[in-house]
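Each chain, written out:
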Amino acid sequence: SVYFISDRNGNYDFYQKNIDGTGLKRITDSPASEMEFSLSPDGTHVLYTSGDMSAADIYIMKTDGTGIKRITDNHSRETFLSWSPNGKTISFVSDIDGDLEVYTIPME
């Protein structure tokens, strides 16, 4: 599968389609914009940001769009999502303390 973000419906959402271009499926449908994502090393989950350019939180879900869980909940912008190679930790950049810094969260 190919995963991508598009505003084809007037809002940035997360989509999936087959490598040959068939089977387009909209995975998220929220009023906020999904702006970036990172697939887990085992391909079963995806981290993504949802919000706007001034404040965006991190969510996780299964790649089929189920099991959505909010990871961060604040008034800052999280960006540059990344998984550790073993999938047990995520890292991201946030301005929660007033300047950009790298943070990590265990995923176990």
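Residues numbered from 1 in each chain as written. Predicted model: local features only at pLDDT ≥ 70, side-chain atom pairs only at ≥ 80, totals over all residues. Heavy atoms only, no water.

*Asks:* How should I be thinking about unusual backbone geometry in this particular structure?
*Replies:* Across the chain, the bulk of peptide bonds are trans and the bulk of non-glycine residues have phi less than zero. In the Ramachandran plot, F80 falls in the positive-phi region, its phi being about 55 degrees despite a non-glycine side chain. Along the chain, F80 falls in strand β8 (residues 78-83). (Helix = DSSP H or I, 4+ residues; strand = E, 2+ residues; numbered from the N terminus.)

*Asks:* When you look at the environment of I90 in this model, what are you seeing that I'm missing?
*Replies:* Structurally, the position occupied by I90 is in strand β9 (residues 89-94). Taking relative accessible area as the criterion, I90 reaches 1% and is therefore assigned buried. Along the sequence, I90 and L47 sit 43 residues apart, while their C-alpha atoms lie 8.8 Å from each other. The contact partners of I90, leaving out residues within four places of it in the chain, are L47, I71, S82, W83, Y103, T104, I105 and M107. (Buried < 20%, exposed > 50% of the residue type's maximum accessible area, 1.4 Å probe, protein only. Contact = heavy atoms within 4.5 Å.)

*Asks:* I keep staring at the packing of aromatic side chains and nothing clicks. Help me out?
*Replies:* Counting across every chain of the model gives five aromatic pairs. For the pair F4 and Y15, a centre-to-centre distance of 5.6 Å together with 15 degrees between the ring planes defines the contact as stacked. Of the two residues, F4 sits in strand β1 (residues 2-6) while Y15 sits in strand β2 (residues 13-17), which places them 11 residues apart along the sequence. Pair check on accessibility: F4 and Y15 agree, each one buried. The interplanar angle of 70 degrees and the centroid separation of 4.8 Å between the aromatic rings of F14 and F37 together place this pair among those described as edge-to-face. Note that F14 is positioned in strand β2 and F37 in strand β4 (residues 33-39), a separation of 23 residues in sequence. By relative accessible area, F14 is classed as buried at 0%. Aromatic rings pair up to connect Y3, F14 and F37 into one cluster. We note R8 situated over the ring of Y15; from NZ or CZ to the ring centre the distance is 5.3 Å. (Phe/Tyr/Trp six-rings, centres within 6.5 Å; stacked < 30°, edge-to-face > 60°. Lys NZ or Arg CZ within 6 Å of the ring centre and 35° of its normal.)

*Asks:* Would you mind going over the sheet that holds β9 with me for this structure?
*Replies:* Working definition: the strands of a sheet are paired by backbone hydrogen bonds and lie parallel or antiparallel to each other. Pairing within the open sheet is antiparallel, and its three strands lie in the order β8-β9-β10. Two strands bound the open sheet, and with one partner strand each, they are β8 and β10 (101-106). Ignoring which end each strand starts from, the neighbouring axes of this sheet average 25 degrees apart. Looking at chain direction, β9 and β10 are connected through six bridges and run antiparallel. Across the sheet, the residue bridging to T89 is P106, located in β10. (Pairing = 2+ DSSP bridges. Axes fitted to C-alpha atoms, helices over the stretch in contact; angles between N-to-C directions.)

Take it as geometry only, folks, not as evidence of what the structure does.
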